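Survey of secondary and tertiary structure
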Amino acid sequence: MNLYQSLGYLVLGSRLRRLSEAFLAEINRAYQNEGIDFDASWFPVFYLLSQNEALSIKELSEQIEVSHPAASQLISNLKTRKLVTSATCTDDGRRQLVTLTDSGRELLTQILPMWDAISAAMTELVESDEMAKQLLPAITGLETAFRQANLAEVISQKLITDLKPTHHE
């Protein structure tokens, strides 16, 4: 058992980050191997825009569950690369509607087969291991648990109730 496994929940965030970084590095390498200039971090925006003609930055941030500033930064990065554009909404001047540019749509046609291949490869990889099959349902369960509980508060309560020294007379 390695250090990370032996420390259990104390290193959950570190293990998830390591797994995420390793996974995204492999996905980015797969895009590079195919000569596709695409970064896995762009996936949520491209996916949503492949399903919708246009979305506001607020809608994007809500659907990908990141802050509005984080979504704005990602959109700015994609604008710099001329993959998306935004225009002021005609019925609400405060809203910016984001759409794929011609270059963005062309890139989308290149990456759609990659998404199918990624899905198929991961399904095949996971199907070979009973524990791995449980990963996505387990992550969903953990996300639900986090939404329902204030972990910081629960930790504070544990400090008060479970770890408070008792005084014997």
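Structure: above.
In this report, we go over the structure that sits alongside the text. (Residues numbered from 1 in each chain as written. Predicted model: local features only at pLDDT ≥ 70, side-chain atom pairs only at ≥ 80, totals over all residues. Heavy atoms only, no water.)

The next subject is helix H5 (residues 68–80). For H5, which comprises 13 residues, the first-to-last C-alpha distance of 18 Å matches the rise-based estimate of 18 Å (1.5 Å per residue) to within 8%. Burial in H5 covers these residues: Ala71, Leu74, Ile75 and Leu78. The arc that holds every buried residue of H5, seen down its axis, measures 100 degrees, which confines them to one face. Those residues of H5 that are exposed and angled more than 90 degrees off the buried face are Pro69, Gln73 and Thr80. On the buried face of H5, the contacting elements are helix H3 (43–51), helix H4 (57–64), strand E2 (84–88) and strand E3 (96–100). A side-chain oxygen of the first residue of H5 lies 3.1 Å from the backbone nitrogen of Ala70; this N-cap is Ser67. (Helix = DSSP H or I, 4+ residues; strand = E, 2+ residues; numbered from the N terminus. Expected span 1.5 Å × (residues − 1). Buried < 20%, exposed > 50% of the residue type's maximum accessible area, 1.4 Å probe, protein only. Arc of directions from axis to C-beta. Contact = heavy atoms within 4.5 Å. Polar contact = N/O pair within 3.5 Å; in protein donor to acceptor, adjacent residues only side chain to side chain.)

Here we take up the layout of surface pockets. Size it by volume and the largest pocket reaches roughly 2300 Å³. Lining the largest pocket are 42 residues, and of these Leu19, Phe23, Leu135, Leu136 and Ile139 sit closest to its centre. Among the secondary structure elements, those contributing two or more residues to the lining of the largest pocket are helix H2 (12–33), H3, H4, helix H6 (102–127), helix H7 (130–133) and helix H8 (135–148). For the lining of the largest pocket, the element with the most residues is H2, which contributes 10 residues. (1 Å grid on protein atoms, 1.4 Å probe; cavity = no way out; pocket = protein on both sides within 12 Å on 5 of 7 lines; lining within 4 Å. Points joined across faces, edges and corners; volume = space filled by probe spheres on them.)

Right, let's get into the packing of H2 against H6. Interhelical geometry of H2 versus H6 gives an angle of 135 degrees and a closest axis separation of 11 Å. Between H2 and H6, the angle falls in the class oblique. Where H2 crosses over H6, the handedness of that crossing is right-handed. Across from Phe23, Ile27, Ala30 and Tyr31 in H2, the residues of H6 making contact are Ile111, Met114, Trp115, Ile118 and Met122. Residues that form the contact of H2 with H6 fall into these classes: nine nonpolar, no polar and no charged. (Axes fitted to C-alpha atoms, helices over the stretch in contact; angles between N-to-C directions. Parallel < 35°, antiparallel > 145°, perpendicular 65-115°, else oblique. Left-handed = near helix turned anticlockwise from the far one by under 90°. Nonpolar A, V, L, I, M, F, W, Y, C, P; charged D, E, K, R; others polar.)

Our next topic: the environment of Ile160. Summarising the element assignment, Ile160 is placed in helix H9 (residues 151–161). Judged by relative accessible area, which is 45%, Ile160 ranks as partly exposed. Separated by 134 residues in sequence, Ile160 and Glu26 have C-alpha atoms that sit 44 Å apart.

This next bit is on unusual backbone geometry. The phi torsion at Glu65 lies on the positive side, around 55 degrees, for a residue other than glycine. The topology assignment puts Glu65 in the loop between H4 and H5. Given a relative accessible area of 67%, Glu65 falls into the exposed group. For Lys82, which is not a glycine, the phi torsion comes out positive at approximately 60 degrees. Classification of Lys82 as exposed rests on a relative accessible area of 58%.

The values are spatial; any link to function lies outside them.
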